[in-house]
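Residues per chain, in single letters:
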Amino acid sequence: MWGSTRPCSRQDCSIPSRWWGFWASSNRRAAIDLWLQAAADGFGTPCYVYDLAAIKQRGQRLRQAFGGRFLLSFAVKSNPNPALLEWLRTQADGLDVSS
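It should be emphasised that the depicted structure is a prediction, and the values quoted were computed from it without experimental measurement. (Residues numbered from 1 in each chain as written. Predicted model: local features only at pLDDT ≥ 70, side-chain atom pairs only at ≥ 80, totals over all residues. Heavy atoms only, no water.)

Colleague: Hey, could you run me through the pattern of salt bridges in this one?
Modeller: When charged atoms on two side chains of opposite charge get close, those side chains can pair. For the coordinates displayed, the defined rule picks out two salt bridges. The shortest N-O distance in the salt bridge between Asp93 and Arg63 comes to 3.0 Å. On the criterion of sequence distance, the pair formed by Asp93 in the loop between α4 (82-88) and β2 (94-96) and Arg63 in helix α3 (residues 52-66) is long-range, its members being 30 residues apart. We classify Arg63 as partly exposed; its relative accessible area is 31%. Among the salt bridges present, the one from Glu86 reaches Arg89, with a minimum N-O distance of 2.8 Å. With relative accessibility at 54%, the residue Arg89 sits in the exposed group. (Salt bridge = Lys/Arg side-chain N within 4 Å of Asp/Glu carboxyl O. Helix = DSSP H or I, 4+ residues; strand = E, 2+ residues; numbered from the N terminus. Buried < 20%, exposed > 50% of the residue type's maximum accessible area, 1.4 Å probe, protein only.)

Colleague: So what exactly am I meant to see when it comes to the nonpolar core here?
Modeller: Among soluble globular proteins, nonpolar side chains are generally buried collectively. Grouped together as the largest cluster of nonpolar side chains are eight residues: Tyr50, Leu52, Phe74, Val76, Leu84, Leu85, Trp87 and Leu88. Top contributing element to this core by residue count: α4, with four residues. (Core = buried A, V, L, I, M, F, W, Y, C linked by side-chain atoms within 4.5 Å.)

Colleague: I would appreciate a short explanation of α3 in the present structure.
Modeller: Residues spaced three or four apart along an α-helix point in a common direction, a consequence of the helix completing one turn every 3.6 residues. Across its 15 residues, α3 extends 21 Å between first and last C-alpha, which sits within 8% of the 21 Å expected from 1.5 Å per residue. Just downstream of α3 lies Gly67, where phi reads positive at about 55 degrees. (Expected span 1.5 Å × (residues − 1).)

If you want it as structure tokens, here you go:
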């Protein structure tokens, strides 16, 4: 996901498919650098880039580590990006909107 208002797929972001092979390889740092450069080239800077797979994986790790003894909630005021919040609705147990 990158950009400011909507998530995008690999196809939407004009990232050459050859770069995505790096993502799963041992050269992950190089792949991330290419991914971030493509975002900067496509959207300009500053640009906020979210690795949704990494966010999802961390949420799953938290759930596994604590065995369901808590609910996973996201503090909206920490990042009110509408596209990110829409995606998080499917991942978190709740969105904390109190101030």
